[in-house]
Amino acid sequence: MDVFIKDIAGHVGSEVTIKGWVYNFRSSGKITFLQLRDGSGFIQGIVHKPEVSEKVWDDAHKVTIETSIVVTGNVSKHPKKDEYELLVRGIELIQIAPEYPIGKKEHGIDFLLDQRHLWLRSKKQWAIQKVRNQIINATYEWFKKNGFTKIDSPILTPSACEGTTTLFEIDYFDLGKAYLSQSGQLYLEAAIMSLGRVFDFGPVFRAEKSKTRRHLTEFWMMDAEMAFCDHSANLEIQEQLVSHIVARCLENCVFELSILERDVTKLENVKAPFYRITHSEAVKKLQAKGSDIKENEDLGGDDETILTEGLDKPMFVEKYPAEVKAFYMKRDAENPGLAMCSDLIAPEGFGEIIGGSQREDDYDVLLSRIKEHGLPEKAFDWYLDLRKYGSVVHSGFGYGLERLVGWISGTAHVRETIPFPRMLTRLTP
């Protein structure tokens, strides 16, 4: 019977077949230990010479690291640990790999990134991608339960969401310039007038010349938009979603988080409501701690780290100066110099994971903002139409998947949270 390693606990005492790869091995006298993986999990195969044929014993000694293999044997539970083993009876060698380039010694990050197609096989990288997958699944689960419809926004766009300075520009046939999307937000705003609550999930691109541990040029973004939703309700939706995602990871990624040596106690208190502070309050707090940040400045990475020191769950920083935020953000009725927006800052130095705002719903105001920002009015005609035909109070937000994975998995650099990172100095493999 072919089984996946993840299901092995249900086959104790039975003979099963596992198809996978050898990620390590060792011999001791008449016993050979094969460390096996199949994509779903890991298990040890024990080959006892007196209990197998001469061919099986010989084949067990032909294996190399990353040899592909089919192993048949009886499943038993480890007498002292909550683990399972395979008492090997048969071996079929599919392909014996040559010397594997990634050894047990320490390798530099550039070498590992050059070997990313192979580095993904390591236990830690496997665990990170499993956490990533759980975050995606939990996101879809929560949105389905709460009445959101998935919308696929375009990757090729004729205009920028927040200016063109950080966009990848391409020539689009006879139509002139086009850009790789930095966000699906504007298109989602069109969709809410049809479907009420919507989200998209896909790759976005930003040509920022940044080499920080929090930046990639290609990354995955989840954007959500909600009709009849103000700034306050927007914050509540964000904290409910993030709380759900963290809970699902704690529930379903116990093994993966243990491989990553993640201190899960740092995540167990991540439940709504989250902490909240205004940008003005944040500036005062930072200045008191020695920062030279000014009232009209956006927060930097170091500022975000300082603000969340000692916190046991994320913090919303809201109502930034409008001058440092995008044209589409609604202004605060009590203080027009402030935008009705927020950033959600993760603790432990992981920084911003979500940005969101209430969107400007008044046609005349939005038109004036487009002009103030020097954006091409013609390109936004369709976007302005949304304020002509049935405009409503609406809000939205977006999370960067790689940053969310980094925080939950405890991975410091986002280059490890995406299968094949694209950075300022890297376009391969």
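The structure displayed is predicted, hence computed values, not measured ones.

About the thresholds
Residues numbered from 1 in each chain as written. Predicted model: local features only at pLDDT ≥ 70, side-chain atom pairs only at ≥ 80, totals over all residues. Heavy atoms only, no water. Helix = DSSP H or I, 4+ residues; strand = E, 2+ residues; numbered from the N terminus. Buried < 20%, exposed > 50% of the residue type's maximum accessible area, 1.4 Å probe, protein only. Contact = heavy atoms within 4.5 Å. Areas by Shrake-Rupley, 256 points an atom, 1.4 Å probe, with all protein chains shown as cover. Lys, Arg positive; Asp, Glu negative; His and termini not counted. Charge placed at Lys NZ, Arg CZ, Asp CG, Glu CD. 1 Å grid on protein atoms, 1.4 Å probe; cavity = no way out; pocket = protein on both sides within 12 Å on 5 of 7 lines; lining within 4 Å. Points joined across faces, edges and corners; volume = space filled by probe spheres on them. Nonpolar A, V, L, I, M, F, W, Y, C, P; charged D, E, K, R; others polar.

**A look at the overall build of the chain**
Inference 1: The helix and strand inventory of the chain stands at 12 helices and 18 strands.
Inference 2: By principal-axis analysis of the C-alpha atoms, the chain measures approximately 85 × 55 × 40 Å.
Inference 3: When each of the 429 residues of the chain is scored for burial, the buried share is 50%.
Inference 4: Residue pairs in contact within the chain that sit at least 24 positions apart in sequence constitute 67% of those at least 6 positions apart.
Inference 5: For the chain, the accessible area works out to roughly 20500 Å², and carbon and sulfur atoms hold 51% of it.
Inference 6: Of the charged side chains in the chain, 54 are positive and 64 negative, and the gap between their average positions amounts to 5 Å.

**Topic: empty space enclosed by the protein**
If you roll a probe as big as a water molecule over the atoms, it shows you where there is empty space left.
Inference 1: Counted under the stated rule, the structure contains four cavities of 30 Å³ or more.
Inference 2: Each pocket or cavity is described by its volume, and for the second largest cavity that value is around 50 Å³.
Inference 3: Lining the second largest cavity, in full, are Arg213, Arg214, Phe350, Arg403, Gly406, Trp407, Thr411, Ala412, His413 and Val414.
Inference 4: The class makeup of the residues in the lining of the second largest cavity is four nonpolar, three polar and three charged.

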